[in-house]
Amino acid sequence: MVSPSILDNGAAMAPPPIPNSQNLPLGVKYGFYPHITLATTTRELLSYIFAPPELAEDHLPLPPVAGRSSSSYDLWGDYAYRLENDNFKAEFTLDLVEVFFQIVHTRLPLLNPAHFRDRLQLSPSTSSSAREPLHPALVATVLAWGTKFSEHPLLVADRRRPSHQSLLAKTLIDRARDLAEALKVHRIPKTDHVVIGLLIEPLQSPDPESRAMMVFAWWMACFCDAYASAYYRRKPVLDDEDYDIDFYTGDPVIAGSLDAQGGPLSSPREQLEGYYGAAHSLARTARSMSRQLWKPVTDAEGIPLETLHGFTVALSQWRDEYLSSVGVPSNFKGEWDFVSAVSSCASDATYHVMWIILFNALDDFGVREINNHSMEPTNARIEEVKRKVLEEALHGALRISGLRLDPAVMHVSCIQAGTLLARMGHDGVKPCIDGLEQYSYSYEEAGAQALEMQRVYQQALAGEPQFSHMGVSVPARSSPGEEDQEMEEAEPARTWGR
């Protein structure tokens, strides 16, 4: 155990006496009182950090100790009553600080020990000096770390319970986190805040439920990064090589753990892996598209034919392997509820919008071999690839137009599909316009997007050119009868409405 004294030039110095002060109420969820700021000294801060514990139904105090009256600190063990004395709070603080630098600092050397001790300001003379005090959240974090490893008699007594865990240590972790939140550590970029963030996150291991939630949150972030990069024409943050974890547990992937036969997935885990496997495969394709399409050389020179062909192959393979199992079914026999509808429509639309994104990029940038005159525009292979992209994009736009769910599920898909149909002067744009108008009261931008879509549609009907490199490939506007037939072929059955 570290002595509760501090060394100064080789000599032990006992901490100066501190006047008794009234324990502050916790009330951290509703703000601190008195107000704790960056100017609050450590001496003042200790009254909050070591305030008596709040009683909880699942935390019963230890049996009373004979020979002394009960204390509001008894929940923390036989010796916690000594925290009523401010002198002891200072001594205890010094012990925890020394434990931190002996054990934690050697593994996370983020602080300067001499500077930290100098700015601790436990002496009345130093606390009134003009020297800037330590950040309150940093002090609280250091003390919380100290309680995890200190063998101070107070903590040893607090661990004498069935769980062998110190409730004081857990409380200090919570108070350190509360201070960090209250002082905006995670929102304002400052050097102190970076250090506090690096020290505070490893303080408490997540429970299994939290770990499961983090696994799901990770995959949602992974998918959103990939899809958003394709939607908004930016480079993705993540690379395929940045991770290798199982969809369900977060453990490394075991080869052959998924259903190799593509048969029905019966257990919840198999169903989950089926959905995440499909979403991850499409996310990787979207990520690859973004890295190749949204870069200056593609903008200036066009899309290489082999790259373009590779994307058509990847999307077609995804359709053949996954769409029938995660997309909108061709019939509605069996179980089909609103949750299933939302999930299937989202997967279906996300796939089809990739073709629209690819078509838009091809229209904006063109094929590199045509742009640099290394191949004739009428080259059969180029014409085949362009025709494939156009057909799939139109089919996808009509398919999305028929999926009548609100923009909270398909906002981006609705805009992408509707805009393409509007540029083509296709009557299939009307459901997209209607949907955006209907939800304009919930989504501020939806009304303006509907008006813009209507404006583009009217321009196309008036014969104004809407396409660039793909202009010669886009067919003339179909007659209403032909458009109705196209929509019937592209749409799934509409058994639910907005």
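Residues numbered from 1 in each chain as written. Predicted model: local features only at pLDDT ≥ 70, side-chain atom pairs only at ≥ 80, totals over all residues. Heavy atoms only, no water.

Which residues make up the side chain of Ser166, and what values go with them?
Secondary-structure assignment places Ser166 in the loop between α6 (153-158) and α7 (167-182). Those residues in contact with Ser166, other than ones at most four positions away along the chain, are Leu155, Asp158 and Arg159. (Helix = DSSP H or I, 4+ residues; strand = E, 2+ residues; numbered from the N terminus. Contact = heavy atoms within 4.5 Å.)

Quick one: what's the story with the confidence of the model for the chain, residue by residue and with numbers?
Predicted coordinates in regions of low pLDDT should not be interpreted in detail. Scored by pLDDT, the chain comes out at a mean of 81, with 75% of its residues at no less than 70. Put simply, strand β1 (residues 6-8) is where the chain has its lowest mean pLDDT, 32, and helix α11 (residues 296-301) is where it has its highest, 97. Below pLDDT 50 for its whole length, residues 1-30 participates in 59 contacts with residues either more than four positions away or in separate chains. Low pLDDT, under 50, characterises residues 492-498; the stretch is placed with 21 contacts to residues that sit more than four places away or in other chains. (pLDDT = per-residue confidence, 0-100.)

A description of the pattern of salt bridges should follow, citing residues and the corresponding values.
Taken as a whole and assessed by the stated rule, the structure comprises 19 salt bridges. Ionic pairing is found between Glu392 and Arg319, a salt bridge with its closest N-O pair at 3.0 Å. In this pair, Glu392 sits in helix α15 (residues 380-402) while Arg319 sits in helix α12 (residues 305-326), placing the two residues 73 residues apart along the sequence. Two residues, Arg423 and Asp363, come together in a salt bridge whose shortest N-O distance is 2.8 Å. With Arg423 in helix α16 (residues 407-423) and Asp363 in helix α13 (residues 338-365), this pair connects stretches of sequence that are 60 residues apart. The same class applies to Arg423 and to Asp363, which are both buried. (Salt bridge = Lys/Arg side-chain N within 4 Å of Asp/Glu carboxyl O. Buried < 20%, exposed > 50% of the residue type's maximum accessible area, 1.4 Å probe, protein only.)

Could you give an account of the environment of Asp320, naming the residues involved and the relevant values?
Residue placement: Asp320 occurs in helix α12. Under the relative-accessibility criterion, Asp320 is labelled exposed at 58%. A distance of 3.2 Å separates the side chain of Asp320 from the side chain of Arg319, its partner in a polar contact. (Polar contact = N/O pair within 3.5 Å; in protein donor to acceptor, adjacent residues only side chain to side chain.)

Which residues make up a nonpolar patch on the surface, and what are the values?
Judged by side-chain polarity, Leu110, Val194 and Leu198 come together as a nonpolar surface patch covering roughly 250 Å² of accessible area. Mapping Val194 onto the fold places it in helix α8 (residues 191-200). (Patch = residues over 30% accessible without salt bridge, like charges linked within 9 Å, V, L, I, M, F, W, Y side chains within 5 Å. Areas by Shrake-Rupley, 256 points an atom, 1.4 Å probe, with all protein chains shown as cover.)

Now, about unusual backbone geometry: what can you tell me, with residues and values included?
The phi dihedral of Gln121 falls on the positive side, at around 60°, and the residue is not glycine. Summarising the element assignment, Gln121 is placed in the loop between α3 (113-118) and α4 (124-127). The buried category is assigned to Gln121, whose relative accessible area is 4%. At Arg233, a position not held by glycine, the phi torsion is positive, near 55°. As for its position among the elements, Arg233 is in the loop between α9 (208-231) and α10 (268-293). For Arg233, a relative accessible area of 36% corresponds to the partly exposed category.

Lay out the environment of Gln204 in plain terms, naming residues and giving numbers.
Mapped onto the elements, Gln204 comes out in the loop between α8 and α9. Among the residues examined, Gln204 registers a relative accessible area of 39% and is labelled partly exposed. As a C-alpha pair, Gln204 and Trp145 span 59 residues in sequence and 9.7 Å in three-dimensional space.

Would you mind going over the packing of helix α2 (residues 86-104) against helix α5 (residues 136-149) in detail, with residue names and values included?
Direction vectors running N to C along α2 and α5 enclose 80°, while the axes themselves pass 8 Å from each other. Considered as vectors, α2 and α5 are oriented roughly perpendicular to each other. Residues Thr93, Leu96, Val97, Val99, Phe100, Ile103 and Val104 of α2 form the contact with α5, whose own contacting residues are Val142, Leu143, Trp145, Gly146, Thr147 and Phe149. Looking at side-chain class alone, the contact of α2 with α5 contains 10 nonpolar, 3 polar and no charged residues. (Axes fitted to C-alpha atoms, helices over the stretch in contact; angles between N-to-C directions. Parallel < 35°, antiparallel > 145°, perpendicular 65-115°, else oblique. Nonpolar A, V, L, I, M, F, W, Y, C, P; charged D, E, K, R; others polar.)

Lay out the packing of aromatic side chains with the relevant residues and their values.
Applying the stated criterion across every chain yields a total of 17 aromatic pairs. Measuring from ring centre to ring centre gives 5.9 Å for Phe88 and Phe92, while their planes differ by 10°; the resulting arrangement is stacked. Placement of both Phe88 and Phe92 in helix α2 is noted, with a separation of 4 residues, approximately one turn of the helix. Comparing Phe88 with Phe92 shows no difference in burial state: the two are buried. Between the aromatic rings of Phe223 and Tyr276, the centroid separation amounts to 5.7 Å while the plane-to-plane angle is 35°, which identifies the pairing as tilted. Pair noted here: Phe223 is in helix α9 and Tyr276 is in helix α10, with a separation of 53 residues, a long-range link. Relative accessible area serves as the criterion here: at 4%, Phe223 is assigned to the buried category. Here the aromatic residues Trp218, Trp219, Phe223, Tyr243, Tyr275 and Tyr276 are joined through ring pairs into a cluster of three or more. Seen from the ring of Tyr48, Arg175 lies directly overhead, with NZ or CZ sitting 5.8 Å from the centre. (Phe/Tyr/Trp six-rings, centres within 6.5 Å; stacked < 30°, edge-to-face > 60°. Lys NZ or Arg CZ within 6 Å of the ring centre and 35° of its normal.)

So what about the nonpolar core? Which residues, and what values?
Formed by 73 residues in total, the largest nonpolar core has its most connected members in Tyr227, Met354, Leu358 and Phe359. If you list the elements that add at least two residues to this core, you get α9, α10, α12, α13, α15, α16, α17 (430-438) and α18 (446-461). It is α13 that contributes the most residues to this core, 13 residues altogether. Not counting the four nearest positions on each side in its chain, Leu358 is found in contact with Met289, Leu293, Leu308, Phe311, Thr312, Leu315 and Val389. With 49 residues, the next largest nonpolar core counts Leu111, Phe116, Leu199 and Leu203 among its residues. (Core = buried A, V, L, I, M, F, W, Y, C linked by side-chain atoms within 4.5 Å.)

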